[in-house]
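One-letter residues, chain by chain:
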Amino acid sequence: MLYSTARVVTDRPHRYLKQLVSHMGRKVPTELDEDRGSIRFSIGSCLLVASTAHLDMIVKAGTADAVAAVEDTTAGHLLRFATRDRLTVDWLPLVRPATTEDDAALLALDRAAWTAGSGLPSTRAEERTAYFTERRKPETHLVAALGGQLVGAVSTHPTTPFPEGAHVFGLWNLVVAEQARRTGIASALLSAAERRAGSQGAKKVGLRVLATNTGAIRLYEQHGYTVEGRHIDEFLIDGTYVDDISMGKCLTPSSRRSV
């Protein structure tokens, strides 16, 4: 899937949310609650999230042409409703490559989003002053941004230095800010990481996840990852032994034949 986003600055975000979703609901399936709504077209969808002073729009579709069509439709209707306001809708990719300038924002995001169920407490014991290190490099990372604010990140690169395993990439450090969850950010990051890995020769992507991180496991399963192994009592966390689960996904049809 491909994703794009636009942050529309307005002092009436909830009004435009309700107006746009209600209008489109006459033609296509929609959902609406107090702060968010969704519009589902045959070629893609648009999620809308209203905040205090802006309306975030997140488009998802399978092709670039479909993304552009959903963007044009939703933005066109929104601008027609805003006859008294001068709204601006500038679409940007939801996910982009990380840069060294993202270091401080990623460090803050990593600290804020970490939970005991998703990571090892010992990784929090040392006070870090930087996110990127010799092992954790910008060129392996992708970040998600809404309105210029980093709200998610993921890293992907080969799992081993051996040429025999060059076709297997791993996923690491998937994180989404709490306020941006339930908006498709994690799915967008996963899709982008898989595309990047595939463009670099990956045939398979693997990952490890703590058994206590049930939300992440469900997410990975929804994206086609299956359990390949379970490392029993792999970690002792706060007095309780926790399993570590290996999951994987083939980006191309699996084959046992020699190549």
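Now for a quick tour of the structure. Since the model is a prediction, treat every value here as computed from it, not as a measurement.

### Some words on the overall build of the protein
Assigned secondary structure in the protein consists of 6 helices and 13 strands. The principal-axis extents of the C-alpha atoms in the protein amount to approximately 60 × 45 × 35 Å. The proportion of buried residues among the 259 residues of the protein is 45%. Considering only contacts within the protein whose residues lie at least 6 apart along the sequence, 61% involve residues at least 24 apart.

### Focus on the environment of arginine 15
If you trace the backbone, arginine 15 turns up in helix H1 (residues 13-24). When the C-alpha positions of arginine 15 and alanine 50 are compared, they lie 9.0 Å apart, and in sequence the two are 35 residues distant.

### Here's the deal with the sheet that holds strand E9 (residues 149-158)
Strand order in the open sheet formed by 7 strands is E7-E8-E9-E10-E11-E13-E12, and the pairing between neighbours is mixed. Taken across any chain shown, the strands that pair with only one partner, and hence form the sheet edges, are strand E7 (95-97) and strand E12 (226-237). When strand polarity is set aside, the average angle formed by the axes of neighbouring strands in this sheet is 25°. With 3 bridges connecting them, strand E10 (residues 168-176) and strand E11 (residues 204-210) associate as parallel partners. For phenylalanine 169, the partnering residue across the bridge sits in E11 and is valine 205.

### Description of the nonpolar core
Grouped together as the largest cluster of nonpolar side chains are 48 residues, with contacts concentrated most on Ile185 and Tyr220. For this core, the element with the highest residue contribution is helix H5 (residues 185-199), accounting for 8 residues. Apart from the residues within four sequence positions on either side, tyrosine 220 is in contact with Leu174, Leu190, Leu207, Val209, Tyr225 and Met247.

### A short note on the pairing of strand E13 (residues 240-250)
The element E13 is largely enclosed, with a buried count of 8 among its 11 residues. The hairpin turn running from E12 into E13, its antiparallel successor, is 2 residues long, and aspartate 238 in that turn takes a positive phi close to 50°.

### Thoughts on the pattern of salt bridges
Across all of its chains, the model carries 10 salt bridges by this definition. The closest approach of N and O atoms between glutamate 194 and lysine 249, which form a salt bridge, is 3.1 Å. Residue glutamate 194 is found in helix H5, and its partner lysine 249 is found in strand E13; the two are separated by 55 residues along the sequence. Like glutamate 194, the residue lysine 249 is buried in the burial classification. Bridged by salt links that share partners, the residues Arg208, Glu234 and Asp244 form one connected network.

### Section: the environment of aspartate 233
Position of aspartate 233 relative to the elements: it lies in strand E12. Assessed through its relative accessible area of 43%, aspartate 233 is described here as partly exposed. Counting along the chain gives 10 residues from aspartate 233 to aspartate 243, while the straight-line C-alpha distance between them is 4.8 Å. Setting aside residues up to four positions removed in sequence, aspartate 233 forms contacts with Tyr241, Val242 and Asp243.

### Structural notes on the pairing of strand E5 (residues 54-61)
Buried residues dominate E5, accounting for 7 of its 8 residues. Pairing geometry for strand E4 (residues 44-50) and E5, over 7 bridges, is antiparallel. Note on E5: the bridge partner recorded for alanine 50 is leucine 55. Two successive antiparallel strands, E4 and E5, enclose a turn made up of 3 residues.

### Brief notes about the side chain of aspartate 243
Relative to the helices and strands, aspartate 243 is located in strand E13. Here the side chain of aspartate 243 touches arginine 230 through a polar contact of 2.8 Å, side chain to side chain. Engagement of the side chain of aspartate 243 in a polar contact is seen with the backbone nitrogen of aspartate 233, the distance being 2.8 Å.

The rules behind each value
Residues numbered from 1 in each chain as written. Predicted model: local features only at pLDDT ≥ 70, side-chain atom pairs only at ≥ 80, totals over all residues. Heavy atoms only, no water. Helix = DSSP H or I, 4+ residues; strand = E, 2+ residues; numbered from the N terminus. Buried < 20%, exposed > 50% of the residue type's maximum accessible area, 1.4 Å probe, protein only. Contact = heavy atoms within 4.5 Å. Pairing = 2+ DSSP bridges. Axes fitted to C-alpha atoms, helices over the stretch in contact; angles between N-to-C directions. Core = buried A, V, L, I, M, F, W, Y, C linked by side-chain atoms within 4.5 Å. Salt bridge = Lys/Arg side-chain N within 4 Å of Asp/Glu carboxyl O. Polar contact = N/O pair within 3.5 Å; in protein donor to acceptor, adjacent residues only side chain to side chain.

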